[in-house]
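These are the residues of each chain, in order.
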Amino acid sequence: MRHHAHMTPRPLQRLAQLLLPLLAACWLGMAAAAPALQVGSKRFTESYLLGEIVTQTLAGQGIAAEHRQGLGNTAILAAALQQGQIDVYPEYTGTIVRELLKRTSPADAQAPLAQINAWLAPLGLKAAVPLGFNNSYALAVREADAARLGLATLSDLARAAPSLKPGLSHEFLARADGWPALRQAYGLGLTPGPGLDHGLAYAALDAGQVDVIDVYTTDAQLARQAVRVLRDDRGFFPRYDAVLLMRASVDERPLQRLAGRLPEAEMTRLNAAAELDGRPFADVARGFLATGESRQAAGGLWARLIAPDLPRLLAQHLALVLGSLALAVAVAVPLGVAAHRLPRIAAPVMATAGLLQTLPSLALLAFLIAWVGRIGFVPALLALFVYALLPIVRNTHAGLQAVSSGLRQSAMALGLTPGQTLRAVELPLALPTLMAGVKTAAVTNVGTATVAAFVGAGGLGERIVAGLAVNDSALMLAGALPAAALAVVVQLLFDGLERHVAHNGPQKTKEDGA
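Criteria and thresholds
Residues numbered from 1 in each chain as written. Predicted model: local features only at pLDDT ≥ 70, side-chain atom pairs only at ≥ 80, totals over all residues. Heavy atoms only, no water. Buried < 20%, exposed > 50% of the residue type's maximum accessible area, 1.4 Å probe, protein only. Helix = DSSP H or I, 4+ residues; strand = E, 2+ residues; numbered from the N terminus. Pairing = 2+ DSSP bridges. Contact = heavy atoms within 4.5 Å. Patch = residues over 30% accessible without salt bridge, like charges linked within 9 Å, V, L, I, M, F, W, Y side chains within 5 Å. Areas by Shrake-Rupley, 256 points an atom, 1.4 Å probe, with all protein chains shown as cover. Salt bridge = Lys/Arg side-chain N within 4 Å of Asp/Glu carboxyl O. Expected span 1.5 Å × (residues − 1). Bend = angle between axes of the 7 residues up to and from the residue.

> Any chance you could break down the pairing of strand S5 (residues 137–142) for me, citing the residues and the numbers?
Counting buried residues along S5, six of its six residues qualify, which places the element largely inside the surrounding structure. Note that S5 and strand S7 (residues 212–216) share five bridges and pair antiparallel. If you follow Ala138 over to S7, its bridge partner there is Val215. As paired elements, S5 and strand S8 (residues 227–230) share four bridges and run antiparallel to each other. Bridging across to S8, Val141 finds its partner in Arg228.

As C-alpha coordinates, then:
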(Lines give C-alpha, C1' and ligand atoms only; values in the text may rest on other atoms or scores of the structure.)
Protein backbone atom coordinates (compact mmCIF):
# COMPACT_ATOMS: atom_id res chain seq x y z
CA MET A 1 0.00 0.00 0.00
CA ARG A 2 2.96 2.29 0.56
CA HIS A 3 3.68 1.88 -3.16
CA HIS A 4 0.24 3.28 -4.05
CA ALA A 5 0.62 6.21 -1.68
CA HIS A 6 3.95 7.06 -3.26
CA MET A 7 2.60 7.12 -6.78
CA THR A 8 -0.57 9.08 -5.98
CA PRO A 9 -0.84 11.85 -8.64
CA ARG A 10 -1.76 15.46 -7.91
CA PRO A 11 -4.29 16.29 -10.65
CA LEU A 12 -4.61 20.00 -9.80
CA GLN A 13 -0.88 20.61 -9.63
CA ARG A 14 -0.65 21.75 -13.27
CA LEU A 15 -3.46 24.26 -12.72
CA ALA A 16 -1.82 25.63 -9.58
CA GLN A 17 1.51 25.89 -11.37
CA LEU A 18 -0.19 27.97 -14.06
CA LEU A 19 -2.22 30.30 -11.84
CA LEU A 20 -0.09 31.00 -8.78
CA PRO A 21 3.08 32.38 -10.44
CA LEU A 22 1.02 34.65 -12.68
CA LEU A 23 -1.03 35.86 -9.73
CA ALA A 24 2.07 36.47 -7.64
CA ALA A 25 3.74 38.40 -10.46
CA CYS A 26 0.69 40.64 -10.94
CA TRP A 27 0.31 41.23 -7.19
CA LEU A 28 3.98 42.01 -6.63
CA GLY A 29 4.05 44.28 -9.65
CA MET A 30 1.16 46.34 -8.36
CA ALA A 31 2.54 46.39 -4.82
CA ALA A 32 5.91 47.58 -6.04
CA ALA A 33 4.24 50.39 -7.96
CA ALA A 34 1.90 51.39 -5.14
CA PRO A 35 2.38 55.11 -4.50
CA ALA A 36 2.37 56.89 -1.17
CA LEU A 37 -0.49 59.29 -1.91
CA GLN A 38 -3.79 58.17 -3.41
CA VAL A 39 -5.78 60.78 -5.37
CA GLY A 40 -9.41 59.97 -6.08
CA SER A 41 -11.95 61.35 -8.53
CA LYS A 42 -15.61 60.94 -9.39
CA ARG A 43 -17.03 59.69 -12.70
CA PHE A 44 -17.36 62.91 -14.68
CA THR A 45 -14.98 64.91 -16.86
CA GLU A 46 -14.15 67.74 -14.47
CA SER A 47 -13.37 65.41 -11.58
CA TYR A 48 -11.12 63.27 -13.77
CA LEU A 49 -9.24 66.41 -14.87
CA LEU A 50 -8.86 67.83 -11.38
CA GLY A 51 -7.64 64.47 -10.12
CA GLU A 52 -5.00 64.46 -12.86
CA ILE A 53 -3.97 68.04 -12.08
CA VAL A 54 -3.54 67.19 -8.39
CA THR A 55 -1.58 64.02 -9.19
CA GLN A 56 0.76 65.75 -11.62
CA THR A 57 1.25 68.69 -9.25
CA LEU A 58 2.43 66.31 -6.54
CA ALA A 59 4.59 64.31 -8.94
CA GLY A 60 6.22 67.52 -10.16
CA GLN A 61 7.48 68.11 -6.62
CA GLY A 62 8.84 64.61 -6.20
CA ILE A 63 5.86 63.32 -4.22
CA ALA A 64 4.75 59.87 -5.37
CA ALA A 65 1.04 59.86 -6.18
CA GLU A 66 -1.46 57.73 -8.07
CA HIS A 67 -4.76 58.86 -9.57
CA ARG A 68 -7.53 56.37 -8.85
CA GLN A 69 -9.98 57.44 -11.49
CA GLY A 70 -13.76 57.39 -11.40
CA LEU A 71 -14.26 55.73 -8.03
CA GLY A 72 -17.94 56.59 -7.82
CA ASN A 73 -20.20 59.16 -6.25
CA THR A 74 -19.76 61.43 -3.23
CA ALA A 75 -20.71 58.80 -0.65
CA ILE A 76 -18.17 56.29 -1.97
CA LEU A 77 -15.35 58.84 -2.21
CA ALA A 78 -16.02 60.24 1.26
CA ALA A 79 -16.08 56.75 2.78
CA ALA A 80 -12.85 55.84 1.02
CA LEU A 81 -11.27 59.05 2.33
CA GLN A 82 -12.30 58.37 5.93
CA GLN A 83 -11.05 54.78 5.71
CA GLY A 84 -7.66 55.87 4.36
CA GLN A 85 -8.09 54.18 0.97
CA ILE A 86 -7.56 57.52 -0.70
CA ASP A 87 -5.91 60.67 0.65
CA VAL A 88 -7.41 63.54 -1.33
CA TYR A 89 -10.00 64.20 -4.03
CA PRO A 90 -11.64 67.28 -5.63
CA GLU A 91 -14.96 68.23 -4.07
CA TYR A 92 -17.34 71.20 -3.86
CA THR A 93 -18.30 73.19 -0.78
CA GLY A 94 -22.05 72.85 -1.34
CA THR A 95 -21.69 69.07 -1.63
CA ILE A 96 -19.57 68.92 1.53
CA VAL A 97 -22.13 70.90 3.53
CA ARG A 98 -25.28 69.22 2.20
CA GLU A 99 -24.15 65.66 1.48
CA LEU A 100 -21.32 64.95 3.89
CA LEU A 101 -22.26 67.15 6.84
CA LYS A 102 -26.03 66.92 6.29
CA ARG A 103 -26.55 70.64 6.99
CA THR A 104 -29.53 71.96 5.06
CA SER A 105 -30.03 75.55 6.22
CA PRO A 106 -29.30 78.30 3.64
CA ALA A 107 -26.86 79.96 6.06
CA ASP A 108 -24.85 76.76 6.45
CA ALA A 109 -24.68 76.36 2.68
CA GLN A 110 -22.81 79.68 2.44
CA ALA A 111 -20.42 78.94 5.32
CA PRO A 112 -16.78 80.02 4.88
CA LEU A 113 -14.05 77.41 4.52
CA ALA A 114 -12.89 77.87 8.13
CA GLN A 115 -16.36 76.96 9.42
CA ILE A 116 -16.61 73.98 7.07
CA ASN A 117 -13.27 72.72 8.39
CA ALA A 118 -14.50 73.07 11.97
CA TRP A 119 -17.42 70.81 11.06
CA LEU A 120 -15.15 68.38 9.23
CA ALA A 121 -12.58 68.07 12.02
CA PRO A 122 -14.46 65.35 14.01
CA LEU A 123 -14.48 63.24 10.84
CA GLY A 124 -10.70 63.48 10.48
CA LEU A 125 -11.06 65.49 7.26
CA LYS A 126 -10.33 68.99 6.03
CA ALA A 127 -11.01 71.09 2.93
CA ALA A 128 -8.23 73.21 1.50
CA VAL A 129 -6.88 74.84 -1.66
CA PRO A 130 -9.87 76.73 -3.15
CA LEU A 131 -9.31 76.24 -6.87
CA GLY A 132 -11.02 79.43 -8.01
CA PHE A 133 -14.37 78.48 -9.56
CA ASN A 134 -17.95 77.76 -8.58
CA ASN A 135 -19.52 74.80 -10.38
CA SER A 136 -23.16 74.79 -9.43
CA TYR A 137 -25.91 72.41 -10.41
CA ALA A 138 -28.56 73.68 -12.84
CA LEU A 139 -31.29 72.36 -15.13
CA ALA A 140 -31.06 72.90 -18.87
CA VAL A 141 -33.39 72.47 -21.85
CA ARG A 142 -32.99 72.71 -25.61
CA GLU A 143 -32.89 76.33 -26.78
CA ALA A 144 -35.75 75.68 -29.20
CA ASP A 145 -37.97 74.37 -26.39
CA ALA A 146 -37.02 77.28 -24.14
CA ALA A 147 -37.98 79.80 -26.85
CA ARG A 148 -41.21 77.98 -27.69
CA LEU A 149 -42.36 77.66 -24.07
CA GLY A 150 -40.89 80.89 -22.73
CA LEU A 151 -38.56 79.22 -20.25
CA ALA A 152 -35.90 81.29 -18.51
CA THR A 153 -36.11 80.22 -14.86
CA LEU A 154 -36.90 77.12 -12.87
CA SER A 155 -40.20 78.74 -11.85
CA ASP A 156 -41.07 78.98 -15.56
CA LEU A 157 -40.33 75.28 -15.90
CA ALA A 158 -42.65 74.44 -13.02
CA ARG A 159 -45.43 76.57 -14.46
CA ALA A 160 -45.27 75.98 -18.19
CA ALA A 161 -43.67 72.65 -18.98
CA PRO A 162 -45.19 69.71 -17.07
CA SER A 163 -45.06 67.49 -20.16
CA LEU A 164 -41.30 67.67 -20.68
CA LYS A 165 -39.33 64.48 -20.03
CA PRO A 166 -36.39 64.84 -17.60
CA GLY A 167 -33.24 62.76 -17.99
CA LEU A 168 -31.38 63.19 -14.70
CA SER A 169 -28.13 61.69 -13.45
CA HIS A 170 -28.18 58.93 -10.86
CA GLU A 171 -26.46 61.06 -8.23
CA PHE A 172 -28.71 64.10 -8.77
CA LEU A 173 -31.77 61.88 -8.36
CA ALA A 174 -30.54 60.74 -4.94
CA ARG A 175 -28.74 63.77 -3.49
CA ALA A 176 -30.11 65.78 -0.58
CA ASP A 177 -29.48 68.93 -2.64
CA GLY A 178 -30.73 67.26 -5.82
CA TRP A 179 -34.00 66.38 -7.47
CA PRO A 180 -36.25 65.47 -4.48
CA ALA A 181 -35.61 68.76 -2.66
CA LEU A 182 -35.57 70.82 -5.87
CA ARG A 183 -38.92 69.40 -6.96
CA GLN A 184 -40.42 70.29 -3.59
CA ALA A 185 -38.90 73.78 -3.55
CA TYR A 186 -40.29 74.71 -6.97
CA GLY A 187 -43.37 72.48 -7.10
CA LEU A 188 -42.06 70.75 -10.23
CA GLY A 189 -44.56 68.29 -11.68
CA LEU A 190 -42.07 66.55 -13.96
CA THR A 191 -41.59 62.78 -13.67
CA PRO A 192 -38.00 61.70 -14.31
CA GLY A 193 -37.25 58.41 -16.01
CA PRO A 194 -34.38 56.03 -15.17
CA GLY A 195 -31.07 57.60 -14.15
CA LEU A 196 -28.87 58.76 -17.03
CA ASP A 197 -25.08 58.92 -16.94
CA HIS A 198 -23.96 62.55 -17.07
CA GLY A 199 -21.59 61.82 -19.96
CA LEU A 200 -24.53 60.77 -22.15
CA ALA A 201 -27.02 63.44 -21.10
CA TYR A 202 -26.20 66.08 -23.71
CA ALA A 203 -26.31 63.55 -26.55
CA ALA A 204 -29.70 62.32 -25.30
CA LEU A 205 -30.96 65.91 -25.11
CA ASP A 206 -29.73 66.67 -28.63
CA ALA A 207 -31.36 63.49 -29.97
CA GLY A 208 -34.71 64.38 -28.39
CA GLN A 209 -34.70 61.35 -26.09
CA VAL A 210 -35.04 63.62 -23.05
CA ASP A 211 -36.08 67.26 -22.68
CA VAL A 212 -34.56 68.41 -19.37
CA ILE A 213 -31.16 67.47 -17.94
CA ASP A 214 -29.15 68.37 -14.87
CA VAL A 215 -25.89 70.12 -15.75
CA TYR A 216 -22.81 71.57 -14.11
CA THR A 217 -22.29 75.25 -14.86
CA THR A 218 -18.76 74.57 -16.12
CA ASP A 219 -19.82 71.79 -18.52
CA ALA A 220 -17.98 71.97 -21.82
CA GLN A 221 -21.09 71.42 -23.93
CA LEU A 222 -22.80 74.55 -22.64
CA ALA A 223 -20.62 76.70 -24.88
CA ARG A 224 -21.04 74.53 -27.97
CA GLN A 225 -24.57 73.13 -27.83
CA ALA A 226 -27.88 74.96 -28.27
CA VAL A 227 -29.14 74.60 -24.70
CA ARG A 228 -30.50 77.10 -22.21
CA VAL A 229 -29.54 76.90 -18.56
CA LEU A 230 -32.55 77.82 -16.43
CA ARG A 231 -31.87 80.40 -13.75
CA ASP A 232 -32.31 79.31 -10.13
CA ASP A 233 -34.59 82.27 -9.29
CA ARG A 234 -35.34 81.07 -5.75
CA GLY A 235 -31.69 80.49 -4.85
CA PHE A 236 -32.17 76.79 -4.10
CA PHE A 237 -28.67 75.63 -5.00
CA PRO A 238 -25.81 76.65 -2.68
CA ARG A 239 -22.39 77.68 -3.97
CA TYR A 240 -20.26 74.78 -5.12
CA ASP A 241 -16.77 76.24 -4.85
CA ALA A 242 -14.17 73.69 -5.93
CA VAL A 243 -11.73 72.66 -3.18
CA LEU A 244 -9.60 69.66 -2.33
CA LEU A 245 -11.09 67.44 0.36
CA MET A 246 -8.43 65.44 2.18
CA ARG A 247 -7.60 63.54 5.31
CA ALA A 248 -6.55 65.82 8.16
CA SER A 249 -3.04 64.31 8.20
CA VAL A 250 -2.31 65.25 4.57
CA ASP A 251 0.02 68.21 4.07
CA GLU A 252 -1.78 70.58 1.69
CA ARG A 253 1.20 72.92 1.21
CA PRO A 254 2.51 71.20 -1.96
CA LEU A 255 -0.94 71.76 -3.50
CA GLN A 256 -1.35 75.42 -2.53
CA ARG A 257 0.15 76.46 -5.86
CA LEU A 258 -3.19 75.45 -7.39
CA ALA A 259 -5.18 77.89 -5.24
CA GLY A 260 -7.16 80.34 -7.38
CA ARG A 261 -5.62 79.12 -10.66
CA LEU A 262 -8.84 77.84 -12.17
CA PRO A 263 -11.48 80.49 -12.87
CA GLU A 264 -14.71 79.21 -14.37
CA ALA A 265 -13.75 80.08 -17.96
CA GLU A 266 -10.49 78.16 -17.65
CA MET A 267 -12.18 75.12 -16.14
CA THR A 268 -14.78 75.13 -18.90
CA ARG A 269 -11.99 75.32 -21.50
CA LEU A 270 -10.19 72.34 -19.94
CA ASN A 271 -13.43 70.36 -19.83
CA ALA A 272 -13.99 71.09 -23.52
CA ALA A 273 -10.45 70.00 -24.41
CA ALA A 274 -11.06 66.60 -22.79
CA GLU A 275 -14.70 66.00 -23.59
CA LEU A 276 -15.24 67.65 -26.96
CA ASP A 277 -11.76 67.56 -28.48
CA GLY A 278 -11.14 64.03 -27.21
CA ARG A 279 -7.77 64.73 -25.62
CA PRO A 280 -6.54 62.48 -22.78
CA PHE A 281 -7.11 63.80 -19.26
CA ALA A 282 -3.41 63.54 -18.47
CA ASP A 283 -2.45 65.59 -21.53
CA VAL A 284 -4.96 68.35 -20.75
CA ALA A 285 -3.71 68.51 -17.15
CA ARG A 286 -0.10 68.61 -18.33
CA GLY A 287 -0.84 71.48 -20.67
CA PHE A 288 -2.54 73.47 -17.93
CA LEU A 289 0.30 72.96 -15.44
CA ALA A 290 2.82 74.00 -18.07
CA THR A 291 0.86 77.33 -18.23
CA GLY A 292 0.30 76.83 -21.91
CA GLU A 293 -2.10 74.86 -24.04
CA SER A 294 -0.67 71.50 -25.00
CA ARG A 295 -0.90 71.04 -28.75
CA GLN A 296 -0.99 67.25 -28.71
CA ALA A 297 -4.11 66.20 -30.54
CA ALA A 298 -6.32 63.36 -29.45
CA GLY A 299 -4.76 60.10 -30.58
CA GLY A 300 -6.56 57.58 -32.73
CA LEU A 301 -7.76 54.21 -31.55
CA TRP A 302 -4.34 52.60 -31.90
CA ALA A 303 -2.70 55.33 -29.79
CA ARG A 304 -5.37 54.85 -27.13
CA LEU A 305 -4.88 51.08 -27.19
CA ILE A 306 -1.12 51.21 -26.55
CA ALA A 307 -1.17 54.18 -24.18
CA PRO A 308 1.37 54.05 -21.30
CA ASP A 309 -1.27 52.94 -18.78
CA LEU A 310 -1.84 49.60 -20.60
CA PRO A 311 0.70 47.50 -18.58
CA ARG A 312 -0.70 48.78 -15.29
CA LEU A 313 -4.31 48.14 -16.29
CA LEU A 314 -3.46 44.67 -17.64
CA ALA A 315 -1.66 43.77 -14.40
CA GLN A 316 -4.64 44.91 -12.33
CA HIS A 317 -7.05 43.04 -14.58
CA LEU A 318 -5.03 39.82 -14.45
CA ALA A 319 -4.65 40.06 -10.68
CA LEU A 320 -8.42 40.28 -10.31
CA VAL A 321 -9.11 37.39 -12.71
CA LEU A 322 -6.38 35.03 -11.49
CA GLY A 323 -6.90 35.86 -7.82
CA SER A 324 -10.64 35.21 -7.99
CA LEU A 325 -10.03 32.05 -10.02
CA ALA A 326 -7.52 30.67 -7.49
CA LEU A 327 -9.97 31.35 -4.64
CA ALA A 328 -12.81 29.75 -6.59
CA VAL A 329 -10.78 26.61 -7.35
CA ALA A 330 -9.79 26.32 -3.69
CA VAL A 331 -13.44 26.49 -2.59
CA ALA A 332 -15.41 25.04 -5.51
CA VAL A 333 -13.43 21.84 -6.07
CA PRO A 334 -13.91 20.63 -2.46
CA LEU A 335 -17.59 21.61 -2.72
CA GLY A 336 -17.94 19.58 -5.92
CA VAL A 337 -16.22 16.61 -4.28
CA ALA A 338 -18.50 16.92 -1.24
CA ALA A 339 -21.58 17.07 -3.48
CA HIS A 340 -20.37 13.88 -5.23
CA ARG A 341 -19.64 12.00 -2.01
CA LEU A 342 -22.78 13.21 -0.22
CA PRO A 343 -25.63 13.14 -2.78
CA ARG A 344 -28.08 14.69 -0.33
CA ILE A 345 -26.22 18.01 -0.37
CA ALA A 346 -25.66 18.08 -4.14
CA ALA A 347 -28.92 19.87 -4.95
CA PRO A 348 -28.53 22.60 -2.26
CA VAL A 349 -24.91 23.23 -3.25
CA MET A 350 -25.77 23.59 -6.95
CA ALA A 351 -28.83 25.73 -6.19
CA THR A 352 -26.82 28.09 -3.98
CA ALA A 353 -24.04 28.46 -6.53
CA GLY A 354 -26.62 29.05 -9.26
CA LEU A 355 -28.40 31.69 -7.18
CA LEU A 356 -25.17 33.56 -6.54
CA GLN A 357 -24.47 33.49 -10.28
CA THR A 358 -27.72 35.38 -10.99
CA LEU A 359 -26.94 38.36 -8.72
CA PRO A 360 -26.45 41.60 -10.72
CA SER A 361 -22.79 42.59 -10.63
CA LEU A 362 -23.28 46.17 -9.41
CA ALA A 363 -25.72 45.04 -6.71
CA LEU A 364 -23.25 42.38 -5.56
CA LEU A 365 -20.43 44.94 -5.49
CA ALA A 366 -22.57 47.34 -3.45
CA PHE A 367 -23.33 44.59 -0.93
CA LEU A 368 -19.68 43.55 -0.69
CA ILE A 369 -18.52 47.15 -0.21
CA ALA A 370 -20.93 47.48 2.70
CA TRP A 371 -19.85 44.10 4.09
CA VAL A 372 -16.08 44.57 3.93
CA GLY A 373 -16.28 48.30 4.61
CA ARG A 374 -14.02 49.38 1.77
CA ILE A 375 -13.88 49.93 -1.97
CA GLY A 376 -11.24 48.72 -4.40
CA PHE A 377 -9.55 45.38 -4.96
CA VAL A 378 -11.06 43.28 -2.16
CA PRO A 379 -14.82 43.63 -2.94
CA ALA A 380 -14.10 43.29 -6.68
CA LEU A 381 -12.07 40.12 -6.07
CA LEU A 382 -14.83 38.64 -3.90
CA ALA A 383 -17.49 39.44 -6.50
CA LEU A 384 -15.52 37.70 -9.24
CA PHE A 385 -14.90 34.75 -6.89
CA VAL A 386 -18.67 34.39 -6.42
CA TYR A 387 -19.27 34.37 -10.18
CA ALA A 388 -16.54 31.76 -10.73
CA LEU A 389 -18.01 29.24 -8.28
CA LEU A 390 -20.86 27.72 -10.31
CA PRO A 391 -19.01 26.41 -13.40
CA ILE A 392 -16.21 24.90 -11.28
CA VAL A 393 -18.54 23.28 -8.72
CA ARG A 394 -20.83 21.95 -11.44
CA ASN A 395 -18.05 20.53 -13.61
CA THR A 396 -16.19 19.00 -10.65
CA HIS A 397 -19.37 17.21 -9.62
CA ALA A 398 -20.22 16.18 -13.19
CA GLY A 399 -16.71 14.89 -13.85
CA LEU A 400 -16.68 12.76 -10.71
CA GLN A 401 -20.17 11.44 -11.42
CA ALA A 402 -18.98 10.27 -14.84
CA VAL A 403 -16.22 8.07 -13.39
CA SER A 404 -17.22 4.42 -13.57
CA SER A 405 -18.21 2.90 -10.25
CA GLY A 406 -16.31 -0.22 -11.32
CA LEU A 407 -13.05 1.72 -11.31
CA ARG A 408 -13.73 2.96 -7.82
CA GLN A 409 -14.55 -0.53 -6.61
CA SER A 410 -11.38 -1.90 -8.22
CA ALA A 411 -9.28 0.73 -6.48
CA MET A 412 -10.90 -0.11 -3.15
CA ALA A 413 -10.30 -3.81 -3.78
CA LEU A 414 -6.60 -3.07 -4.24
CA GLY A 415 -6.58 -1.57 -0.76
CA LEU A 416 -6.73 2.13 -1.54
CA THR A 417 -8.55 4.28 0.98
CA PRO A 418 -11.41 6.54 -0.21
CA GLY A 419 -9.05 9.50 -0.14
CA GLN A 420 -6.41 7.68 -2.16
CA THR A 421 -9.06 6.54 -4.63
CA LEU A 422 -10.21 10.14 -5.05
CA ARG A 423 -6.71 11.44 -5.66
CA ALA A 424 -5.31 8.53 -7.71
CA VAL A 425 -8.34 7.53 -9.79
CA GLU A 426 -11.37 9.81 -9.67
CA LEU A 427 -9.85 13.29 -9.88
CA PRO A 428 -7.42 12.42 -12.69
CA LEU A 429 -10.26 11.00 -14.76
CA ALA A 430 -12.55 13.93 -13.90
CA LEU A 431 -9.83 16.52 -14.55
CA PRO A 432 -10.73 17.30 -18.22
CA THR A 433 -14.31 18.13 -17.21
CA LEU A 434 -13.10 20.07 -14.17
CA MET A 435 -10.68 22.05 -16.33
CA ALA A 436 -13.51 22.96 -18.72
CA GLY A 437 -15.33 24.52 -15.76
CA VAL A 438 -12.23 26.46 -14.70
CA LYS A 439 -11.81 27.70 -18.28
CA THR A 440 -15.42 28.88 -18.41
CA ALA A 441 -14.99 30.73 -15.12
CA ALA A 442 -11.72 32.32 -16.25
CA VAL A 443 -13.01 33.56 -19.61
CA THR A 444 -16.22 34.87 -18.06
CA ASN A 445 -14.34 36.71 -15.33
CA VAL A 446 -12.10 38.46 -17.84
CA GLY A 447 -15.20 40.23 -19.13
CA THR A 448 -16.91 40.66 -15.79
CA ALA A 449 -13.78 42.19 -14.26
CA THR A 450 -14.35 45.36 -16.30
CA VAL A 451 -17.03 46.42 -13.79
CA ALA A 452 -14.36 46.51 -11.07
CA ALA A 453 -13.44 50.00 -12.29
CA PHE A 454 -16.73 51.27 -10.87
CA VAL A 455 -15.43 50.60 -7.34
CA GLY A 456 -11.86 51.75 -7.83
CA ALA A 457 -10.28 48.34 -8.41
CA GLY A 458 -8.71 49.39 -11.70
CA GLY A 459 -8.27 47.08 -14.64
CA LEU A 460 -9.22 47.60 -18.29
CA GLY A 461 -12.68 48.74 -17.26
CA GLU A 462 -11.06 51.99 -16.13
CA ARG A 463 -10.83 53.08 -19.78
CA ILE A 464 -14.42 52.05 -20.45
CA VAL A 465 -15.73 54.04 -17.47
CA ALA A 466 -13.64 57.08 -18.42
CA GLY A 467 -14.87 56.86 -22.01
CA LEU A 468 -18.45 56.67 -20.80
CA ALA A 469 -17.90 59.80 -18.70
CA VAL A 470 -16.90 61.84 -21.76
CA ASN A 471 -18.95 59.90 -24.36
CA ASP A 472 -15.71 58.89 -26.12
CA SER A 473 -16.24 55.67 -28.09
CA ALA A 474 -12.54 55.36 -28.97
CA LEU A 475 -11.58 55.39 -25.29
CA MET A 476 -14.27 52.83 -24.48
CA LEU A 477 -12.99 50.59 -27.28
CA ALA A 478 -9.44 51.03 -25.96
CA GLY A 479 -10.64 49.24 -22.84
CA ALA A 480 -13.05 46.78 -24.42
CA LEU A 481 -10.74 45.47 -27.16
CA PRO A 482 -7.83 44.49 -24.85
CA ALA A 483 -10.35 42.82 -22.53
CA ALA A 484 -11.75 40.82 -25.46
CA ALA A 485 -8.23 39.92 -26.62
CA LEU A 486 -7.31 38.85 -23.09
CA ALA A 487 -10.39 36.60 -22.98
CA VAL A 488 -9.27 34.96 -26.24
CA VAL A 489 -5.74 34.45 -24.92
CA VAL A 490 -7.07 32.91 -21.69
CA GLN A 491 -9.34 30.64 -23.75
CA LEU A 492 -6.40 29.48 -25.89
CA LEU A 493 -4.17 28.90 -22.86
CA PHE A 494 -6.77 26.74 -21.18
CA ASP A 495 -7.50 24.90 -24.43
CA GLY A 496 -3.80 23.99 -24.60
CA LEU A 497 -3.77 22.98 -20.94
CA GLU A 498 -6.87 20.84 -21.45
CA ARG A 499 -5.26 19.04 -24.39
CA HIS A 500 -2.14 18.44 -22.32
CA VAL A 501 -4.17 17.03 -19.43
CA ALA A 502 -6.32 14.88 -21.74
CA HIS A 503 -3.22 13.50 -23.48
CA ASN A 504 -0.99 12.89 -20.46
CA GLY A 505 -3.20 12.69 -17.37
CA PRO A 506 -5.04 9.35 -17.59
CA GLN A 507 -2.21 7.71 -19.54
CA LYS A 508 0.35 8.70 -16.92
CA THR A 509 -1.93 7.44 -14.18
CA LYS A 510 -2.21 4.04 -15.86
CA GLU A 511 1.54 3.83 -16.35
CA ASP A 512 2.15 4.73 -12.71
CA GLY A 513 -0.44 2.19 -11.65
CA ALA A 514 1.31 -0.50 -13.66
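> Residue-level account of the environment of Ile464, with values.
Mapped onto the elements, Ile464 comes out in helix H22 (residues 461–470). By relative accessible area, Ile464 is classed as partly exposed at 25%. C-alpha separation for the pair Ile464 and Ala480, spaced 16 residues apart in sequence, amounts to 6.7 Å. Apart from residues lying up to four places away in sequence, Ile464 is in contact with Thr450, Leu475, Met476, Gly479 and Ala480.

> Before we move on, can you summarise a nonpolar patch on the surface with the specific residues and values?
A cluster of nonpolar side chains, contributed by Leu301, Leu477 and Leu481, occupies part of the molecular surface with about 220 Å² of accessible area. Its location among the elements puts Leu301 in helix H15 (residues 301–305). Using a relative accessible area of 32% as the deciding quantity, one classes Leu301 as partly exposed.

> I'd like a description of helix H16 (residues 310–341), backed by residues and values.
Taking 1.5 Å per residue as the helical rise, H16 with its 32 residues ought to reach 46 Å, and the 46 Å between its terminal C-alpha atoms agrees with that figure. Where H16 bends most, the angle comes to about 25 degrees, and this point is Val329.

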